[in-house]
Amino acid sequence: EHVAKGEYHSGARLIVLDTRLSNTATHADHWLSPYPGSDTAILLAIANHLIQEGRYDREFVRRFWNWREYLEAERPGTPVAFEAFDEALRELYAPYTFEFAARESGVDAGDIEAVARVVATAGTRLSTHVWRSAAAGALGGWQVSRALFMLNALLGAIATEGGTFPNAWNKFV
């Protein structure tokens, strides 16, 4: 019997970024097949969407990010206030539009936007995973891991139920 996408995930949505139509991708609600090595552009566009639309967890970012140190080091003379950091984030990420990501990755901007809207609804239940080929398969591939985890950090989905746990925190004994 055929099961509609999403039903076998108990309400979760599965998004796969992989150039290959993998077994996992065949079950995905959204499968984006970017040019090899361009995953980071898509992830930065999703981060930009969260920032520009105010869909990130401001309290989590205010509490756990080093935004004061950033402002002092990178924007001397700027008031050390979270509002100034929010403005800096908007400015820094503004170039990473869906159109930018589409040009870099070969994935349709509308498809990237649809995925960004799904991610924006995940809140603290965003659970992410980087497969080794994304991080090791291209020059600078380790940036994929950093950009993906930034989505968790923007949403406060770190060490939360349904979110992403640091590797050593969830081991079977």
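Not measured: the values here are computed from a predicted model. (Residues numbered from 1 in each chain as written. Predicted model: local features only at pLDDT ≥ 70, side-chain atom pairs only at ≥ 80, totals over all residues. Heavy atoms only, no water.)

(A) Looking closely at the packing of helix H1 (residues 39-52) against helix H6 (residues 109-122). At a minimum axis separation of 9 Å, H1 and H6 run at an interaxial angle of 55 degrees. Taken together, the axes of H1 and H6 lie oblique to each other. Handedness of the H1/H6 crossing: right-handed. Of the residues in H6, those in contact with Ile-42, Ala-45, Ile-46, His-49 and Leu-50 of H1 are Ile-112, Val-115, Ala-116, Arg-117, Val-119 and Ala-120. Counted by class, the contact of H1 with H6 contains nine nonpolar, one polar and one charged residues. (Axes fitted to C-alpha atoms, helices over the stretch in contact; angles between N-to-C directions. Helix = DSSP H or I, 4+ residues; strand = E, 2+ residues; numbered from the N terminus. Parallel < 35°, antiparallel > 145°, perpendicular 65-115°, else oblique. Left-handed = near helix turned anticlockwise from the far one by under 90°. Contact = heavy atoms within 4.5 Å. Nonpolar A, V, L, I, M, F, W, Y, C, P; charged D, E, K, R; others polar.)

(B) Here's a closer look at the packing of H1 against helix H5 (residues 98-105). Where H1 contacts H5, the axes come no closer than 8 Å and their chain directions differ by 175 degrees. Taken together, H1 and H5 sit at an angle that is classed as roughly antiparallel. Residues Ala-41, Ile-42, Ala-45 and His-49 of H1 touch H5, and the partners they reach there are Phe-98, Phe-100, Ala-101, Glu-104 and Ser-105. Taken together, the residues of the contact of H1 with H5 break down into six nonpolar, two polar and one charged.

(C) Representation of H1 within the structure. End to end, H1 covers 20 Å across 14 residues, agreeing with the expected 20 Å (1.5 Å per residue, within 8%). Once H1 ends, the next one or two residues include Gly-54, with phi positive near 65 degrees. (Expected span 1.5 Å × (residues − 1).)

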